[in-house]
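Fold and geometry: a report
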Amino acid sequence: MLVYRGYSRKAHSATVLTIGNFDGVHLGHRALLARLTAVAADAGLPAAVLTFEPHPREFFAPQSAPSRLSTLREKLELLADDGVDLTYVCHFNGGFAALSADDFIATVLVDALRVRHLIVGDDFRFGARRSGDFALLREAGARLGFQVESMPSVTLEGERASSSAVRDALEGGRLEHAARLLGRPYSIDGRVVRGDQLGRQLGFATANIRIKHQKPPLQGVFAVEVKGLPGGPHRGAANLGYRPSANRVTRPLLEVHLFDFCADIYGAHLNVRFLHKLRDEMKFPDFNALKAQIANDVEAAKAYFQF
């Protein structure tokens, strides 16, 4: 998949395009992407996605914006996995937010991305003050020579598959339900860095993983599966949060203890799949109590895997 920053470089050919934030790339997104790639294959054109960075809600209301399900890198990897050929990452700023719906169609869709066929969700809005809608796109397409179709929402047992639904499931510790909405277990990527060796002192060595999520959608202790290491995937127990029993940190930490694993993996880029929540983070009176609880967590994770 080719990735372009912005849309200043005109597309080399006409495109079949979809537009959205694609946070988490859940079942609804994946149904839309499946339709996108099918139409693109029939037309002999690249399947293209226009997405935004930062998320528009982070631009308009950064203090109240919801946690992200995926970083930009994670989102791009997921889009590539679903067969997208081109992704345009548009910097969402004041200038772009002020672009009228008509100017968005003319400047971005027609001139830059050379859209031949546009597929959007049934609730898609665009342009300054969200003034553009599906009817406006259909009218513009008839005048300017591109087709427009909408995708209905995807529901799972009566619930609409959405980023908000996934976020609610993760925050509530319902990881299995989140996995059903996503079509895969929820995961976070990151690189292994050197930590303070606290886990080793407690008898449970951990891989300290630097993550880009400033506000992850879940916290606590989990049974996990880790990809990115030889002989994997590997199973283990992970803590994601702020370590209230040790030196409290201002950025979330992801620490993973892998079962029966001993190797130098500093610098490795790992994918951690969260399969089951064991408990919330909690503060312990001393290190002995913390060590005892970690031992219990490891046993609980092993029991989950029947390890």
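Heads up: the structure comes first, above all this text.
So, a few notes on the structure that sits alongside this text. (Residues numbered from 1 in each chain as written. Predicted model: local features only at pLDDT ≥ 70, side-chain atom pairs only at ≥ 80, totals over all residues. Heavy atoms only, no water.)

1. Brief notes about empty space enclosed by the protein
If a probe as big as a water molecule is rolled over the atoms, it shows which places are left empty. Per the stated rule, a full pass over the model turns up three cavities of 30 Å³ or more. Computed from the structure, the second largest cavity encloses a volume of approximately 50 Å³. Looking at the second largest cavity, the residues that line it are Asn21, Asp23, Phe52, His55, Arg68, Ser70 and Lys75. In the lining of the second largest cavity, the residues fall into one nonpolar, three polar and three charged. (1 Å grid on protein atoms, 1.4 Å probe; cavity = no way out; pocket = protein on both sides within 12 Å on 5 of 7 lines; lining within 4 Å. Points joined across faces, edges and corners; volume = space filled by probe spheres on them. Nonpolar A, V, L, I, M, F, W, Y, C, P; charged D, E, K, R; others polar.)

2. Details of a positive patch on the surface
A grouping of Arg191, Arg210, Lys212 and Arg251 is seen on the molecular surface, where their side chains present a positively charged patch. Among the structural elements, Arg210 can be located in strand 10 (residues 207-210). On the basis of relative accessibility, which here comes to 53%, the residue Arg210 falls in the exposed class. (Patch = residues over 30% accessible without salt bridge, like charges linked within 9 Å, V, L, I, M, F, W, Y side chains within 5 Å. Areas by Shrake-Rupley, 256 points an atom, 1.4 Å probe, with all protein chains shown as cover. Salt bridge = Lys/Arg side-chain N within 4 Å of Asp/Glu carboxyl O. Lys, Arg positive; Asp, Glu negative; His and termini not counted. Charge placed at Lys NZ, Arg CZ, Asp CG, Glu CD. Helix = DSSP H or I, 4+ residues; strand = E, 2+ residues; numbered from the N terminus. Buried < 20%, exposed > 50% of the residue type's maximum accessible area, 1.4 Å probe, protein only.)

3. Brief notes about the pairing of strand 3 (residues 47-53)
Judged by how many residues are buried, strand 3 sits mostly within the fold: seven of seven residues are covered. Residues of strand 3 alternate between two faces, with Ala47, Val49, Thr51 and Glu53 on one and Ala48, Leu50 and Phe52 on the opposite face, all of them buried. Note that strand 2 (residues 15-19) and strand 3 share four bridges and pair parallel. The residue of strand 3 that forms the bridge with Val16 is Ala47. Taken together, strand 2, helix 1 (residues 27-43) and strand 3 form a β-α-β motif whose crossover is right-handed. By the bridge criterion, six bridges tie strand 3 to strand 4 (residues 86-91) in an arrangement that is parallel. Looking across to strand 4, one finds that Leu50 is bridged to Tyr88. (Pairing = 2+ DSSP bridges. Right-handed = clockwise from strand over helix to strand, strands pointing away.)

4. A word on the sheet that holds strand 9 (residues 186-193)
Ordered in space as 9-10-13-12-11-14, the six strands form a closed barrel in which the pairing is antiparallel. With direction set aside, neighbouring strand axes in the sheet form an average angle of 45 degrees. Here seven bridges tie strand 11 (residues 220-227) to strand 12 (residues 234-241), and the two strands are oriented antiparallel to one another. By the bridge assignment for strand 12, Phe222 is matched with Ala238. Where helix 10 (residues 287-305) meets the sheet, it contacts strand 11, strand 12, strand 13 (253-258) and strand 14 (269-279), and its direction lies at approximately 95 degrees from that of strand 14. (Axes fitted to C-alpha atoms, helices over the stretch in contact; angles between N-to-C directions. Contact = heavy atoms within 4.5 Å.)

5. Some details on the packing of helix 5 (residues 101-112) against helix 6 (residues 134-144)
Angle between the axes and distance between the axes are the two parameters that describe a pair of packed helices. Closest axis-to-axis distance for the helix 5/helix 6 pair is 11 Å, and the angle between their directions is 50 degrees. When the interaxial angle is binned, helix 5 and helix 6 end up oblique. Of the two possible hands of crossing, helix 5 and helix 6 adopt the one that is right-handed. For the pair helix 5 and helix 6, contact is made by Ala101, Asp102, Ile105, Leu109 and Val110 and by Leu136, Leu137, Ala140 and Leu144, respectively. Partitioning the contact of helix 5 with helix 6 into residue classes produces eight nonpolar, no polar and one charged. (Parallel < 35°, antiparallel > 145°, perpendicular 65-115°, else oblique. Left-handed = near helix turned anticlockwise from the far one by under 90°.)

6. With respect to the sheet that holds strand 6 (residues 147-151)
Pairing is parallel in the open sheet, where six strands are placed in the order 1-4-3-2-5-6. Of all the strands in the sheet, the pair left with one neighbour each is strand 1 (2-5) and strand 6. The mean angle between the axes of side-by-side strands here comes to 25 degrees, regardless of whether they run parallel or antiparallel. The pairing of strand 2 with strand 5 (residues 115-121) spans four bridges and is classified as parallel. The partner of Leu17 across the bridge, within strand 5, is Leu118.

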